[in-house]
Amino acid sequence: MGFGGSAQSMITILKNNKNMLSERRNKKHSLTGYKTTNTEFKIGEASPQVLREIRERLQKEQRSKRRKILILFGLIMSLILLVFIYFY
């Protein structure tokens, strides 16, 4: 039957995904992921104070990201609600 290029494209994509599967599994559990540089942590380098500062900085960044996401979500939901009320 005449499937044209769509069936062949689908077969090629599936074959490429299958070939990449082993590569993804190998890099899944590494610290670096798909990056080319290695990240190494040496034991005993960081003092408890430095670790506390890092933890506080990360928590502050996470709070900031969460706040931005909630504000954006609120704006989008209010716009959807206004459009729904206007056209209902």
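What counts and what doesn't
- Residues numbered from 1 in each chain as written.
- Predicted model: local features only at pLDDT ≥ 70, side-chain atom pairs only at ≥ 80, totals over all residues.
- Heavy atoms only, no water.
- Helix = DSSP H or I, 4+ residues; strand = E, 2+ residues; numbered from the N terminus.
- Buried < 20%, exposed > 50% of the residue type's maximum accessible area, 1.4 Å probe, protein only.
- Areas by Shrake-Rupley, 256 points an atom, 1.4 Å probe, with all protein chains shown as cover.
- Phe/Tyr/Trp six-rings, centres within 6.5 Å; stacked < 30°, edge-to-face > 60°.
- Patch = residues over 30% accessible without salt bridge, like charges linked within 9 Å, V, L, I, M, F, W, Y side chains within 5 Å.
- Salt bridge = Lys/Arg side-chain N within 4 Å of Asp/Glu carboxyl O.
- Lys, Arg positive; Asp, Glu negative; His and termini not counted.
- Charge placed at Lys NZ, Arg CZ, Asp CG, Glu CD.

J.: I'd like a rundown of the overall build of the protein, residues and numbers included.
T.: Assigned secondary structure in the protein consists of two helices and zero strands. By the burial criterion, 1% of the 88 residues in the protein qualify as buried. For the protein, the accessible area works out to roughly 9100 Å², and carbon and sulfur atoms hold 62% of it.

J.: Tell me about the packing of aromatic side chains, and please be specific about residues and values.
T.: What the rule picks out here adds up to two aromatic pairs. Relative to Tyr-88, the ring of Phe-84 lies with its centre 5.6 Å away and its plane at 15°, an arrangement referred to as stacked. Taken as a pair, Phe-84 and Tyr-88 share a single burial class, namely exposed. Between the aromatic rings of Tyr-86 and Phe-87, the centroid separation amounts to 5.0 Å while the plane-to-plane angle is 85°, which identifies the pairing as edge-to-face. By the burial criterion, Tyr-86 is exposed, and Phe-87 matches it.

J.: Quick one: what's the story with a nonpolar patch on the surface, residue by residue and with numbers?
T.: Nonpolar side chains collect at one region of the surface, where Leu-72, Phe-73, Ile-76, Met-77 and Ile-80 lie side by side and expose about 490 Å² of accessible area between them. Mapped onto the secondary structure, Ile-76 falls in helix H2 (residues 48-87).

J.: Describe in detail a positive patch on the surface, supporting the description with residues and values.
T.: A contiguous patch of positive charge, built from Lys-60, Arg-63, Arg-66 and Arg-67, is present on the exposed surface. Tracing the sequence through the fold places Arg-66 in helix H2.

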